[in-house]
Amino acid sequence: MAGLSALAILAILGPLVAIGLILLLRSPRWSPYLALVGAVAGLCGALLGLWAKAGDAIPGTLVLPGLPNLPLRLIISPTTSLLSTVVAMVSFLVMLYAVGYMQEEAALPRFFAEMSLFVAAMQLLVLAGDWLLIIVGWELIALASYLLIGFWYERPGVRQAATRAFLTTRAADFGLYIGVFALVSQTQTSEIAPTLEVSGTAATVAGLGFLLAAIGKSAQIPLQGWLQDAMAGPTPVSALLHSATLVAAGPILLLRVYPVLNGSVLIIIGIVGGVTALLTGLTALAQVDLKRMLAASTSSQLGFMLLALGAGSPGAALLHLVFHAAMKSSLFLGAGIFQHKYHSTNFSEIAAKGGGRAYPPVYLCFVIAGLALAGVPPLAGFWSKDAIIAATFASAQAWLFTPLVLLGTLLTGSYVGRALRLLWPKPESISREVNANKSAVSGWMLTGLVSLTGLATTSGLLVKPIGQLVGQEIPENGLALVLGLAVALVGLLVGWFELIGSFWQRLAQGNFRLDDWLKVLLVQPVLLLARVVSRADGWLHSGVLGVGRTGLNMARRVAGFDSRLHGAVVLTGRAGLDLARLSRQTDERGIDRLIAWMVRNIRLLGGRVRELPSGLVHQELLLTAAAVILLLGLILISR
Amino acid sequence: MITLIIALLVGAALFGIGLYGVLSQTNLVMIMMGVELMLGAALVNLVAFWRFLHPGAYSGQMFFLIIMVVMALEMVVGFGMALARFRAKGSVEMEEAVELKG
């Protein structure tokens, strides 16, 4: 079966090839279909992998040629192939919906290329058998989410939202690097499976690092704010981002590293998840915007998954992850149709323009998905929430986790009930003129929505098969069943009749002022640091400028000196030349003439003297005698 | 006992006669004889000075012998020249030897 499981790589390659073709053709007409074909290919690959691995305990490993001595591995185990299938399924249906939703947009090739990149990166992250690939996938989904949230970059506030999402998740990614570093440095291998046997301090450090990464990626307390801003993107993006791809990366990562997490880390994970489930549930209850409410609800549901992990039941967490993907994406697709029709996601505006009454099928889907999320049997959410409650019963920290999860369930019911109530306005409050121009819902969108709602409805039947498939025990407890149902129903009633006081709404609407704390604790110091660094930079800059200017001045001065020296040298040379000329003239006119004169005179004198000796011996002797007498006389005188 | 002054007077007289001979004669042989007389006067003076002033030193005698040798050589060269002149011109009269002027 190894050959078949290798086909799971199609899950990555399908969307990847689609990106290439979309970017190559750049055709607004064909790019949606190319993306759809890519998604179908991915789905086929994922399903083949799942079928090949069903009942096979040994995970298949696919070694890709990577760097020298560092092959890149994909791992196809029941868990990864199940997650891959969920990602492929949800992304395919969302893509189907997006074909209708994005019909009137201009930049279709860009949109579908980015969506495909998102899916491919998520598949890579899910199937990665190597820390390197996990990091690559992790970074790529951050990039893709940034691009997609900022898709309508020309609208006000969209760029800020995209940047915020990117920066928040990237900041928390630091934890992933710490965790990976701690594990890899202990085991000297980047393959995931051997690194999971680490224990002791390194495991604690790694666990806390991974928790930080998951908090950022999955919008847990205290980094939950970016997710609601991320609603600035197109609704299919939100649906994808909130269900199967971006935010799911956190629980998926923690599921993968579950063997490494030790008791104390698990308790922290559980507390973070529980507190998030509670606080963001309250936030959701207070929202006046449909999509922002769904975003807060996503944080809350991811909190449940972390809580389940913390309670020691990865099976329950996985179950909720899978079911939540279907439920939340169908809720978003429903909300997207309202947004598309009413050009607003504000509850009161939607209600004023007709709300669910104008589109009963859409409202019906929304109700089903909402009830599933709240945990009403026999819909999907009932089973997974029951599993989580049962897991907390079995946990050692039951006294802490059970109240948290029950309160969270109550809140889930409440905000779902409130949303359903707000979307079903009284007939007399609907303004007539708006109601007149309603148009039919696009077939693409309805298909996607109905299919996903169908998944959310029926996947409850898959609880047992999934448990068997991944080899995890799904906790069950009769008391949990009854308690969960009762709490959910109470919540729904509370929400429907809006029994929540305005104080809580006001407090929760502002995210419990957590953003402000974040601002004071993090943003302001960072800005201050930036300002200081900027000023230091300015100093440095002016210093460098000063040095440069001094150098220039010095150079100028040296140049001046040089030119002066040059002038002096030239002058000296000229003077020397003049002197030489003078000396030549003196030579020619003075000395030469003098010498010539002397020569002439001496010659003359010589001529005269030559006449004196006669050559006759006696005369010459006479001269000699005379000279001797002269000499004697001189001697006598000089005595 | 002749005194130094007498010897010196004799030397001076000899020198005067020699000088006169040199200046007045035109014959080469006679001129050379005048030169010999002047040299003899110098020798008389030398011997007189040695005999009366430094009789114990030998250098005077040595000097005397050297001058004697120089005189002999001078004679040899002088008479050689005179003989050659005579053979060439048939005369040793210096009045005729104007070709000595270079």
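Owing to the predicted nature of the structure, the values given are computational and were not obtained by experimental measurement.

Caption draft 1: How the structure looks around the overall build of chain B. When its secondary structure is counted, chain B shows three helices and zero strands. Sorting the 102 residues of chain B into buried and exposed places 13% on the buried side. Contacts spanning at least 24 positions in sequence make up 52% of the contacts within chain B whose residues lie at least 6 apart.

Caption draft 2: Just the overall build of chain A, in detail. Counting its secondary structure elements, chain A contains 27 helices and two strands. For chain A, the residues scored as buried account for 49% of the 639 residues in total. Once local pairs closer than 6 in sequence are excluded, the contacts in chain A between residues at least 24 apart make up 82%.

Caption draft 3: Examining the confidence of the model for chain B more closely. Mean pLDDT over chain B works out to 87, with 97% of the residues at or above the 70 mark. As a predicted assembly, this complex carries a pTM of 0.66 together with an ipTM value of 0.74.

Caption draft 4: Spotlight on the packing of helix H11 (residues 235-243) of chain A against helix H15 (residues 314-342) of chain A. Residue and element names in this part refer to chain A. Running from N to C, H11 and H15 cross one another at 165°; their axes reach a closest spacing of 8 Å. Taken together, the axes of H11 and H15 lie roughly antiparallel to each other. In this structure, H11 meets H15 at a crossing whose hand is right-handed. In this structure, H11 uses Thr235, Pro236, Ser238, Ala239, His242 and Ser243 to contact H15, whose residues at the interface are His324, Ala325, Lys328, Ser329, Phe332, Leu333, Ala335, Gly336 and Gln339. Looking at the contact of H11 with H15 residue by residue, the classes come out as six nonpolar, eight polar and one charged.

Caption draft 5: Here's a closer look at the packing of H15(A) against helix H18 (residues 360-374) of chain A. Residues and elements named next belong to chain A. Across the interface, H15 lies against H18 with an axial gap of 9 Å and an inter-helix angle of 150°. Relative to H18, H15 is oriented roughly antiparallel. Handedness of the crossing formed by H15 with H18: left-handed. In this structure, H15 contributes Met327, Ser330, Leu331, Gly334 and Ile337 to the contact, and H18 contributes Val362, Cys365, Phe366, Ala369, Gly370, Ala372 and Leu373. Across the contact of H15 with H18, the residue classes break down as nine nonpolar, three polar and no charged.

Caption draft 6: Layout of the environment of Ala239(A). By the secondary structure assignment, Ala239(A) is in helix H11. Residues Ala239(A) and Ser91(A), spaced 148 residues apart in sequence, show a C-alpha to C-alpha distance of 9.0 Å.

Caption draft 7: View of the environment of Lys328(A). All names here are of chain A. Along the chain, the position of lysine 328 falls in helix H15. A tally of 31 C-beta atoms within 10 Å means that lysine 328 is categorised as buried. Spatially, the C-alpha atom of lysine 328 lies 9.4 Å from that of alanine 295, the residues being 33 residues apart in sequence. Those residues within four positions of lysine 328 in sequence are excluded, and the remaining contacts are His242, Ser243, Thr298 and Gln301.

Caption draft 8: Main features of the environment of Leu43(A). Residues and elements named next belong to chain A. Mapping leucine 43 onto the fold places it in helix H3 (residues 31-53). Counting along the chain gives 29 residues from leucine 43 to glycine 14, while the straight-line C-alpha distance between them is 8.6 Å. Sequence-distant contacts of leucine 43, that is, excluding residues within four places in its chain, are made with Ala88, Met89 and Phe92.

Basis of the calculations
- Along each chain, the written sequence defines residue order, and numbers are assigned to residues from 1.
- Chains and ligands are labelled by the order in which they are written, letters from A for the one and numbers from 1 for the other.
- For this predicted model, a pLDDT threshold of at least 70 governs which residues receive local features, and a threshold of 80 or more governs which side-chain atom pairs are given and counted, while totals over whole chains, interfaces and linings are taken from all residues.
- Labels follow the DSSP assignment, with helices taken as runs of H or I lasting at least four residues and strands as runs of E lasting at least two, numbered in each case from the N terminus.
- The exposure label follows from counting other C-beta atoms within 10 Å of a residue's C-beta, where the C-beta atoms are placed from the backbone and the thresholds are 20 or more for buried and 12 or fewer for exposed, leaving partly exposed in between.
- Each residue is represented by a C-beta atom placed from its backbone, and any two residues with such atoms within 7 Å are regarded as in contact.
- pLDDT is a per-residue confidence score from the predictor, ranging from 0 to 100.
- Axis geometry follows a simple rule: fit a line to the C-alpha atoms, using only the stretch in contact for helices, then measure angles between N-to-C directions, giving values from 0 to 180 degrees.
- Roughly parallel here means an angle under 35 degrees, roughly antiparallel means over 145, roughly perpendicular means 65 to 115, and every remaining angle is called oblique.
- Here is the rule for handedness: rotate from the far helix to the near one, and if that takes an anticlockwise turn smaller than a right angle the crossing is left-handed, while a clockwise turn gives right-handed.
- Polarity classes work like this: nonpolar for Ala, Val, Leu, Ile, Met, Phe, Trp, Tyr, Cys and Pro, charged for Asp, Glu, Lys and Arg, and polar for all others, with Gly in that last group.

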